[in-house]
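Chain by chain, the residues run as shown.
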Amino acid sequence: MSKKFVVGPSPHIRSPRDIDYIMWDVVVALVPATIASLIIFGWASAIVLSLSLISALFFEWLVVSRKLSISSFLGDGSAAVTGLLLGLSLPPAVGMMSVGEGAWTQPWAIPILGSAVAILIGKHAFGGLGKNPFNPALVGRGFLTFSYLSIMTNWEAPGTVVDAASGATPLQGGAATLSELFIGTVPGSLGETSALALIIGGIYLLYKGHIDWRIPGGFLGAMVVFSFIHTGLAGDFEGVVGFFSAGLDEALFQVLSGSALMGAIYMATCYVTSPTTKKARLIYGIGCGLILILIRYYAQAPAGLTYAVLFMNALTPILDRFTIPRTFGEVK
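What counts and how
- Residues numbered from 1 in each chain as written.
- Predicted model: local features only at pLDDT ≥ 70, side-chain atom pairs only at ≥ 80, totals over all residues.
- Heavy atoms only, no water.
- UniProt positions renumbered as here; feature names shortened; annotations may be inferred.
- Helix = DSSP H or I, 4+ residues; strand = E, 2+ residues; numbered from the N terminus.
- Buried < 20%, exposed > 50% of the residue type's maximum accessible area, 1.4 Å probe, protein only.
- Contact = heavy atoms within 4.5 Å.
- Areas by Shrake-Rupley, 256 points an atom, 1.4 Å probe, with all protein chains shown as cover.
- Patch = residues over 30% accessible without salt bridge, like charges linked within 9 Å, V, L, I, M, F, W, Y side chains within 5 Å.
- Salt bridge = Lys/Arg side-chain N within 4 Å of Asp/Glu carboxyl O.
- Expected span 1.5 Å × (residues − 1).
- Polar contact = N/O pair within 3.5 Å; in protein donor to acceptor, adjacent residues only side chain to side chain.
- Axes fitted to C-alpha atoms, helices over the stretch in contact; angles between N-to-C directions.
- Parallel < 35°, antiparallel > 145°, perpendicular 65-115°, else oblique.
- Left-handed = near helix turned anticlockwise from the far one by under 90°.
- Nonpolar A, V, L, I, M, F, W, Y, C, P; charged D, E, K, R; others polar.
- Phe/Tyr/Trp six-rings, centres within 6.5 Å; stacked < 30°, edge-to-face > 60°.
- Core = buried A, V, L, I, M, F, W, Y, C linked by side-chain atoms within 4.5 Å.

The protein chain is annotated in an unreviewed UniProt entry as Ion-translocating oxidoreductase complex subunit D from Proteinivorax hydrogeniformans. Entered under Sequence similarities (unreviewed entry) in the UniProt record, the comment concerning the protein chain runs "Belongs to the NqrB/RnfD family."

Dropping the structure here:
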């Protein structure tokens, strides 16, 4: 009889979806954005993404394993996600200069340095996967923005396979239609210009159940609502129909441009740094979107997404604490 009962610690019901499964699924979801960046920005994208991805895997392997095997180098996939997200958030100018078209002699160090900061400081300085309070990729991106502002805000597009506009990004006043923003043929970071590619990856993550709709929904919903409020305050419309038309155009522009979709779908939804309760996730997403749109309208900071998500990362423990569901039968 005793052999029929096994006493052990929880969890007693295990899921086949482990860390490796989820993390490599996120990498799969980033494949459309990666392909789009390669098509739009050409070799510059290939250079930056390769350096960022390989260096992130190397620093993770150096800390965690140091065994000479392919499986130990690839790890659980979390470093690959960090390296790929960091690379996709960098401007094409980094890769363009690394093939001899810029003044700085060692620009290849930028994605490597960013990965080192992301993995070593943003992740392992706090104890490794599951213990880092801030999104590692955004920690690396923030460090690079503060250290190399002129390079990180250089949006001149290199030679591309398709005709991409060059110069200022749409958020900086560059001309761009909504269709160009949707496809991605505009200046910007490597993986953030193509809304179509990001949405495809987001649908995949939602379908697989890896992200909760409340975070991207609250994030983008807050941006849409405040875009209408800003349109109303500006007063540049005629009548109710004009207000909704102008508000819709502004809302679509804000959602499709810059790093909004990348942040809402891939950055803010990080398992470790986002809340666990449903109510907290919605509040968290709304906070990220509201901070980002406020920075865009009133601060004009080059790293608005970084500030927004990292600030809400810091509030995650508080949000979880005050939104814990009541236990069944609990009374005061």
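Here the narrative resumes, following the displayed structure.
Our focus in this paragraph is the overall build of the protein chain. Within the protein chain one finds 16 helices and zero strands. For the protein chain, buried positions account for 49% of its 332 residues. Across the protein chain, every contact between residues at least 6 apart in sequence was considered, and the portion connecting residues at least 24 apart equals 74%. Surface accessibility of the protein chain: about 16,600 Å² in total, with carbon and sulfur atoms responsible for 68%.

Together, Phe 58, Leu 62, Val 63, Val 64, Leu 120 and Ile 121 make up a nonpolar patch on the protein surface, roughly 480 Å² of accessible area in all. At four residues, helix H3 (residues 43-64) tops the list of elements feeding residues into the nonpolar patch. One can find Ile 121 in helix H7 (residues 109-121).

So, about the UniProt feature "modified residue: FMN phosphoryl threonine" (unreviewed entry) in the protein chain. The feature "modified residue: FMN phosphoryl threonine" (unreviewed entry), as annotated in UniProt, sits at Thr 169 in this numbering. Of note, Thr 169 is situated in the loop between helix H9 (149-152) and helix H10 (178-183).

Moving on to H7. Helix length check: H7, at 13 residues, gives a terminal C-alpha distance of 17 Å against a target of 18 Å (1.5 Å per residue), a fit within 8%. Residues of H7 that are buried include every one of Ile 110, Pro 111, Gly 114, Ser 115, Ala 116, Val 117, Ala 118 and Ile 119, and no others.

Let us now look at the side chain of Asp 212. Topologically, Asp 212 is positioned in the loop between helix H11 (195-208) and helix H12 (214-234). Assessed through its relative accessible area of 13%, Asp 212 is described here as buried. Polar contacts involving the side chain of Asp 212 include one to the side chain of Arg 214, which spans 2.9 Å.

What follows is about the environment of Ala 264. Mapped onto the elements of the fold, Ala 264 is located in helix H14 (residues 260-267). The residues touching Ala 264, leaving out its near neighbours within four places in the chain, are Ile 215, Pro 216, Phe 219, Leu 220 and Thr 269.

Let us now look at the packing of H12 against H14. Two elements in contact, H12 and H14, have axes whose closest approach is 8 Å; the angle formed by their N-to-C orientations is 155°. Classified by the interaxial angle, the pair formed by H12 and H14 is roughly antiparallel. Crossing geometry of H12 relative to H14 is assigned as right-handed. Contacts between H12 and H14 involve Ile 215, Pro 216, Phe 219, Leu 220 and Met 223 from the former and Ala 260, Leu 261, Gly 263 and Ala 264 from the latter. Split into classes, the residues belonging to the contact of H12 with H14 amount to eight nonpolar, one polar and no charged.

Counted under the stated rule, the structure contains eleven aromatic pairs. Judged by centre distance (5.5 Å) and plane angle (65°), the ring pair of Phe 58 and Phe 59 falls under edge-to-face. By relative accessible area, Phe 58 is classed as partly exposed at 34%. Given the relative accessible area of 14%, Phe 59 is considered buried. Here a set of aromatic residues connected by ring pairs shows up, and it is made of Phe 58, Phe 59, Trp 61 and Phe 73.

What follows deals with the nonpolar core. One finds Leu 85, Phe 219, Leu 261, Tyr 266 and Tyr 284 to be the most contacted residues of the largest nonpolar core, which totals 66 residues. If sequence neighbours within four positions are ignored, Leu 85 has contacts with Leu 30, Ala 137, Met 262, Tyr 266 and Met 267.

Residues spaced three or four apart along an α-helix point in a common direction, a consequence of the helix completing one turn every 3.6 residues. Between its first and last C-alpha, H12 extends 29 Å over 21 residues, near the 30 Å set by a 1.5 Å rise per residue. When we look at burial in H12, the residues that qualify are Arg 214, Ile 215, Pro 216, Gly 218, Phe 219, Leu 220, Ala 222, Met 223, Phe 226, Ser 227, Phe 228 and Thr 231. In this structure, the buried residues of H12 make contact with helix H13 (239-256), H14, helix H15 (278-299) and helix H16 (304-322). Positive phi shows up at Gly 235, right after H12, with a value of about 70°.

Attention now goes to the environment of Leu 319. Along the chain, Leu 319 falls in helix H16. Leu 319 gets classed as buried once you look at its relative accessible area, which sits at 14%. Sequence-wise, Leu 319 and Arg 281 are 38 residues apart; in three dimensions their C-alpha atoms are separated by 8.3 Å. The contacts of Leu 319, once residues within four sequence positions are left out, are Pro 275, Ala 280, Ile 283, Tyr 284 and Met 312.

Next up on the list: the pattern of salt bridges. Evaluated as defined, the whole model comprises five salt bridges. One salt bridge connects Lys 123 with Glu 60, and the closest N-O pair in it is separated by 3.0 Å. Placement of Lys 123 in the loop between H7 and helix H8 (136-147) and of Glu 60 in helix H3 is noted, with a sequence separation of 63 residues between them. Lys 123 gets classed as buried once you look at its relative accessible area, which sits at 2%. Taking relative accessible area as the criterion, Glu 60 reaches 9% and is therefore assigned buried. The partner of Arg 141 in a salt bridge is Glu 192, and the shortest N-O contact between them spans 3.3 Å. In this pair, Arg 141 sits in helix H8 while Glu 192 sits in the loop between H10 and H11, placing the two residues 51 residues apart along the sequence. What makes Arg 141 buried here is its relative accessible area of 7%. Overlapping salt bridges bring together Asp 212, Arg 214 and Arg 281 as one network.

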